[in-house]
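Listed here are the chains, written in short residue letters.
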Amino acid sequence: MLPLRIVIILYCLCFLAPAWGAKEYGLKPLEIAPGTYVLLGVNEHFNFSNGGNIVNVGFIVTDDGVIVIDSGPSRFYGEQLRAAIGRITDRPILKLFNTHLHPDHILGNQAFEDVPIAALAGTVEGIREQGELFNDSMYRLAGAWMAGTRVVVPTEIVKPGFVEIGGHRLELIELAGHSHADLVILDHATGVLFAADVVFHGRTPTTPHADVGQWLQALDTIAGLDFKLLVPGHGSVVTDAGAIAQTRNYLQWLTTRLNKAAEQGMSMAEVLQPDAPPSIKELAVFHEEYQRSVVHLFPEIEAKVLERGRVVQE
Ligand SMILES: [Zn+2]
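Reading the values: the criteria
- Residues numbered from 1 in each chain as written.
- Predicted model: local features only at pLDDT ≥ 70, side-chain atom pairs only at ≥ 80, totals over all residues.
- Heavy atoms only, no water.
- Helix = DSSP H or I, 4+ residues; strand = E, 2+ residues; numbered from the N terminus.
- Salt bridge = Lys/Arg side-chain N within 4 Å of Asp/Glu carboxyl O.
- Buried < 20%, exposed > 50% of the residue type's maximum accessible area, 1.4 Å probe, protein only.
- Pairing = 2+ DSSP bridges.
- Axes fitted to C-alpha atoms, helices over the stretch in contact; angles between N-to-C directions.
- Polar contact = N/O pair within 3.5 Å; in protein donor to acceptor, adjacent residues only side chain to side chain.
- Contact = heavy atoms within 4.5 Å.
- Donors = N, O, S within 2.8 Å, 3.2 Å for Na, K, Ca; no water.
- Tetrahedral: all angles 85-135°; square planar, octahedral: opposite > 155°, others 65-115°.
- UniProt positions renumbered as here; feature names shortened; annotations may be inferred.
- Expected span 1.5 Å × (residues − 1).
- Parallel < 35°, antiparallel > 145°, perpendicular 65-115°, else oblique.
- Left-handed = near helix turned anticlockwise from the far one by under 90°.
- Nonpolar A, V, L, I, M, F, W, Y, C, P; charged D, E, K, R; others polar.
- Right-handed = clockwise from strand over helix to strand, strands pointing away.

Visitor: With reference to specific residues and values, describe the environment of Ala303.
Guide: When you line up the elements, Ala303 lands in helix α9 (residues 286-313). Here the alpha-carbon distance between Ala303 and Leu272, two residues 31 residues apart in the chain, equals 17 Å.

This is the structure:
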């Protein structure tokens, strides 16, 4: 048994810990088109120094108020995002959109509880079902940066189509593939396309909820849109289709590799050893994300190949 004095000190430290963790994300909104800002995350995996800030978040200052696209990985991030918006405009926040269910895009929602938080129906359901799990794992990955963060489920369901807000005609597009519900937003006033995690740029795509076939179709849809600037979910902003091609290239390489490995009867341990061309290997966090993808995707691909083999033999 610990002496009572030590127990009391430890108990107090637990309460002080969140205050130590209240670090600054140093958010710097970058104006990419009139009234349109992005906050670029780093091309890394979640860790104790980046506090989960690996994600791109955006906002549009319209005549009537501000539209925010994703809220970042933690309560601190959400609060600091809101403060950063407040330094640029005193117009009210009208709405926050969550592009999909992943924690780096939604765990700042708490700072926007006083405004409508909108997402596709599948995203709302996903956050309701898995949000707490994400929150727990983010605490393990980003530590004290997550202090006081809790899951806030979106309050409004997005229907795909057009909405007019403060002089901006926004096209809300429902896609799937990176997750089971991916919201992409094209602002026809500026030509800025918020492509969410359907597009990664310079960083290896993540696949925990991916359906690669659907994802490739979603990339085709995006490639057909008339945009001037594309904001990927991760990585720098682009003016052309380069990031779309890069994401497609990676996904095609990944599925080809995993299918071939299954057909050749390779073990999981062998598949985990990457054998990739330079254009793939040079993507940020390649080794880590590739290995995660093998774990997510290989068992199902292997089962399908085995099943095909069984049917052929019969
Ligand atoms: Zn994601």
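Visitor: Give me the lowdown on the pattern of salt bridges, citing residues and values where you can.
Guide: One pass over the structure, following the stated rule, counts ten salt bridges. Between Glu263 and Arg308 there is a salt bridge whose closest N-O contact spans 3.5 Å. Taken together, the residues span a long stretch of sequence, with Glu263 in helix α6 (residues 242-263) and Arg308 in helix α9 at a distance of 45 residues. The exposure class assigned to Arg308 is partly exposed, which follows from its relative accessible area of 46%.

Visitor: Provide a residue-level description of the sheet that holds strand β10 (residues 182-187), including the pertinent values.
Guide: With mixed pairing, the five strands of this open sheet are ordered in space as β8-β9-β10-β11-β12. With one partner strand each, in any of the chains shown, β8 (161-165) and β12 (229-234) form the two edges of the open sheet. Between one strand and the next, the sheet's axes are offset by a mean angle of 30°, whatever the strand orientation. With three bridges connecting them, β10 and strand β11 (residues 192-200) associate as antiparallel partners.

Visitor: I'd like a description of the side chain of Ser74, backed by residues and values.
Guide: Relative to the assigned elements, Ser74 resides in the loop between β4 (66-69) and α2 (75-88). Given the relative accessible area of 0%, Ser74 is considered buried. Side chain to side chain, Ser74 and Tyr25 meet in a polar contact 2.8 Å long. Contact partners of Ser74, with chain neighbours within four places excluded, come to Tyr25, Leu107, Gly108, Trp145, Met146 and Thr149.

Visitor: Describe in detail the coordination of the zinc ion, supporting the description with residues and values.
Guide: The zinc ion binds to the protein through His100 (NE2), His102 (ND1), His178 (NE2) and Asp197 (OD), with metal-donor distances spanning 2.2 Å. Each of the four donor atoms bound to the zinc ion contributes to angles spanning 87 to 172°, and the resulting shape is irregular. Within one chain, the residues serving as donors to the zinc ion are arranged as H-x1-H-x75-H-x18-D. Residue classification places His100 among the buried positions, given a relative accessible area of 0%.

Visitor: Quick one: what's the story with the UniProt feature "domain: Metallo-beta-lactamase" (unreviewed entry) in the protein, residue by residue and with numbers?
Guide: Mapped onto the present numbering, the UniProt feature "domain: Metallo-beta-lactamase" (unreviewed entry) falls at residues 54-234. Note that residues 54-234 is 29% helix and 29% strand, and that its end C-alpha atoms are spaced 7 Å apart.

Visitor: Summarise α2; cite the residues concerned and give the values.
Guide: In this model, α2 (14 residues) spans 20 Å end to end at C-alpha, consistent with the 20 Å of a helix rising 1.5 Å per residue. Of all the positions in α2, only Phe76, Tyr77, Gly78, Gln80, Leu81, Ala84 and Ile85 are classed as buried.

Visitor: Describe the packing of helix α5 (residues 212-223) against α6, naming the residues involved and giving the relevant values.
Guide: Taken N-terminus to C-terminus, the directions of α5 and α6 make an angle of 160°; their axes are 10 Å apart at the nearest point. In terms of orientation, α5 lies roughly antiparallel with respect to α6. Seen from above, α5 lies across α6 with left-handed handedness. Touching Val212, Trp215, Leu216, Leu219, Asp220, Ile222 and Ala223 of α5 are Ile244, Thr247, Arg248, Leu251, Gln252 and Thr255, all from α6. Of the residues in the contact of α5 with α6, the class split is eight nonpolar, three polar and two charged.

Visitor: If you had to explain the pairing of strand β5 (residues 93-97) to someone new, which residues and values would you point to?
Guide: Most of β5 is tucked away: four of the five residues are buried. The pairing of β4 with β5 spans four bridges and is classified as parallel. Counted as the bridge partner of Val66 is Ile93 from β5. In this region the chain leaves β4, passes through α2 and returns to the parallel neighbour β5; the handedness of that crossover is right-handed. Relative to strand β6 (residues 117-119), β5 runs parallel, the two being bridged by two bridges. Bridge assignment links Phe97 to a residue of β6, and that residue is Ala118.

Visitor: So, the side chain of Asn135: which residues are in play, and what are the values?
Guide: In this structure, Asn135 sits in helix α4 (residues 121-142). Here Asn135 falls in the buried class, since its relative accessible area comes to 4%. Not counting chain neighbours up to four residues away, the residues in contact with Asn135 comprise Leu107, Met146, Thr149, Arg150 and Val151.

Visitor: Could you give an account of the sheet that holds β4, naming the residues involved and the relevant values?
Guide: Taken together, seven strands build an open sheet; the order of strands is β1-β2-β3-β4-β5-β6-β7 and the sheet is mixed. One side of each edge strand has no neighbouring strand; the edge strands of this open sheet are β1 (30-33) and β7 (156-157). Across two bridges, β6 lies against β7 in parallel orientation. By the bridge assignment, Ala118 is partnered in β7 with Glu156.

Visitor: Can you explain unusual backbone geometry? Please cite residues and give values.
Guide: At Asp70, a residue that is not glycine, the phi angle is positive and equals roughly 75°. Its location among the elements puts Asp70 in the loop between β4 and α2. When its relative accessible area of 2% is taken as the criterion, Asp70 is described as buried.

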